[in-house]
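The primary structure of each chain is shown beneath.
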Amino acid sequence: MTPEPTVGPDHACRQFAIEGEFVDLRSHARGHIHDTYVSTWTSGAEQRRYIHQRMNDRVFTDIPGLMHNVELVTRHLQAGAKGQPGDMTALRLVPTGHGHPFLQHSSGPWRTYEYIDNTESFDRCESPEQAFEAARAFGGFQARLLGLDALDLRETLPMFFSSTHRLEQLGDARSSDVMGRVADCQSELDFVQAHVQDIGVIEACLAADEFPSRVVHGDTKLNNVLFDRATGRARCVVDLDTCMSGYSLYDFGDLVRFTAATCREDEQDTDRAGVDLELYGALVAGYLDGAARFLTPRELELMPFSARLVTLTIGMRFLADHLAGDVYFKIERPGQNFDRARVQFRMVREMERNRERMAVR
Ligand code: GN1
Ligand code: MG
């Protein structure tokens, strides 16, 4: 008999408090940061699945802090869901056999969630109805977290939402030019330079108390919503890693950046990059369905601006990582982070061209 490996993903996922017989473990390629797997177990006639993630502790250097936040948010959402009408559910963590929220394994830190059956997720938006649902889910998610004290959440990724900070990081990557790539990124760097006046706008509003900081999701990609396979309704918001104190419009801006995009995030033919205005309209309506009751008039006015700012900011992050040698976002091919950046910048340009049509009235 071959001895059981003590370092592999199989070994890690067996350390959690899961009942039944282990069947298999498959890789579930999602996201640019962690490694994700799905395991299947049987107990009598019943089959259950679990999501396991080996967390990236190079990006999240404070794993206990990260898991503190995840526990707090999942508990808050579960308590809020009890007895409430509606079909939204919340993620549930599965502790280790020793009762800890995560496992410190020889292969890295791991966590486990219950798999939510009969749901599916999408990398590309298929219809305005789907865009509406996703946006409604994230708007509602923010509304449900209003009761959570932002001060109880740790700032696991310092200044994560600060565009000013992202501009500084890009400046540092440019000055160091460790890979000698700056010369080939001149027009992208010029694009950023031409937009510096936009970068501090939201932070200035927060500093002037024009609207408050609130707990946000922080990564409102379409594929971070699970949809019911039967009804197509949003059932659960996943990926709680960036749930921290931020500005509500970050979530709206990131929704537009990803869900209303006319091409993939890393499309090589940047001429295809733009914003689908019909999907944009559905995102506005869906987000307001959940969030209109707490947004201030100034925030409503800044919705289209936030779409441009968040897209620009994430573009700056991709570009900075390309210059730094792809040390943060996983890549599958050379130049992928550069393509991601170029798509974001082209989308910003398209949003500027459609400024009038994107206004929220
Ligand atoms: C990262 O790994 P993933 O896809 O969940 C990133 C987000 C970016 C996103 C861009 C912790 O999210 O901030 O918006 O890539 N997450 C972190 O696709 O940096
Ligand atoms: Mg994420």
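Model, not experiment: these values are computed from the prediction.

K.L.:
Account for the overall build of the protein, naming residues and giving values.
P.N.:
Helix and strand content of the protein: 13 helices and 11 strands. Referenced to the eigenvectors of the C-alpha coordinate spread, the extents of the protein come out at roughly 65 × 50 × 40 Å. Expressed as a percentage of contacts within the protein between residues at least 6 apart in sequence, the contacts between residues at least 24 apart total 73%. Accessible surface, the protein: about 16400 Å² in total, of which carbon and sulfur atoms supply 48%.

K.L.:
Explain the coordination of the magnesium ion (ligand 2) to me, and be specific about the residues and the numbers.
P.N.:
Protein coordination of the magnesium ion (ligand 2) is provided by Asp219 (OD) and Asp239 (OD), with donor distances spanning 1.9 to 2.0 Å. Residue aspartate 219 is found in the loop between strand S8 (214–216) and strand S9 (225–228), and its partner aspartate 239 is found in the loop between strand S10 (234–237) and strand S11 (244–246); the two are separated by 20 residues along the sequence. On the basis of relative accessibility, which here comes to 23%, the residue aspartate 239 falls in the partly exposed class.

K.L.:
Outline the nonpolar core, listing residues and values.
P.N.:
Across soluble globular proteins, nonpolar side chains have a tendency to be buried as a group. With 101 residues, the main nonpolar core has Val73, Val256 and Tyr287 as its most contacted residues. The element that contributes the greatest number of residues to this core is helix H11 (residues 303–324), accounting for 12 residues. When sequence neighbours within four positions are dropped, the list of residues in contact with valine 73 reads Phe141, Leu145, Leu148, Leu153, Leu240 and Cys243. By size, the runner-up hydrophobic cluster in this structure holds 12 residues, among which are Cys13, Phe16, Ile18 and Tyr50.

K.L.:
Quick one: what's the story with the packing of aromatic side chains, residue by residue and with numbers?
P.N.:
In this structure the tally under the stated criterion is 11 aromatic pairs. Between phenylalanine 122 and phenylalanine 227, the ring centres sit 5.5 Å apart and the planes meet at 70 degrees, which makes this aromatic pair edge-to-face. With phenylalanine 122 in the loop between strand S7 (119–120) and helix H3 (128–144) and phenylalanine 227 in strand S9, the pair connects residues that are 105 residues apart, well separated along the chain. In this structure, phenylalanine 122 and phenylalanine 227 share a single accessibility class: buried. Each ring, one from phenylalanine 160 and one from phenylalanine 161, has its centre 5.1 Å from the other, and the planes form 90 degrees; the classification is edge-to-face. Following the ring pairs from residue to residue traces out a cluster consisting of Phe160, Phe161, Tyr247 and Tyr250. Sitting over the face of the ring of tyrosine 115, arginine 49 holds its NZ or CZ atom 4.2 Å from the ring centroid. Its end group placed over the ring of phenylalanine 338, arginine 342 keeps NZ or CZ at 5.7 Å from the ring centre.

Cut-offs used in this document
- Residues numbered from 1 in each chain as written.
- Chains lettered and ligands numbered in written order.
- Predicted model: local features only at pLDDT ≥ 70, side-chain atom pairs only at ≥ 80, totals over all residues.
- Heavy atoms only, no water.
- Helix = DSSP H or I, 4+ residues; strand = E, 2+ residues; numbered from the N terminus.
- Contact = heavy atoms within 4.5 Å.
- Areas by Shrake-Rupley, 256 points an atom, 1.4 Å probe, with all protein chains shown as cover.
- Donors = N, O, S within 2.8 Å, 3.2 Å for Na, K, Ca; no water.
- Buried < 20%, exposed > 50% of the residue type's maximum accessible area, 1.4 Å probe, protein only.
- Core = buried A, V, L, I, M, F, W, Y, C linked by side-chain atoms within 4.5 Å.
- Phe/Tyr/Trp six-rings, centres within 6.5 Å; stacked < 30°, edge-to-face > 60°.
- Lys NZ or Arg CZ within 6 Å of the ring centre and 35° of its normal.

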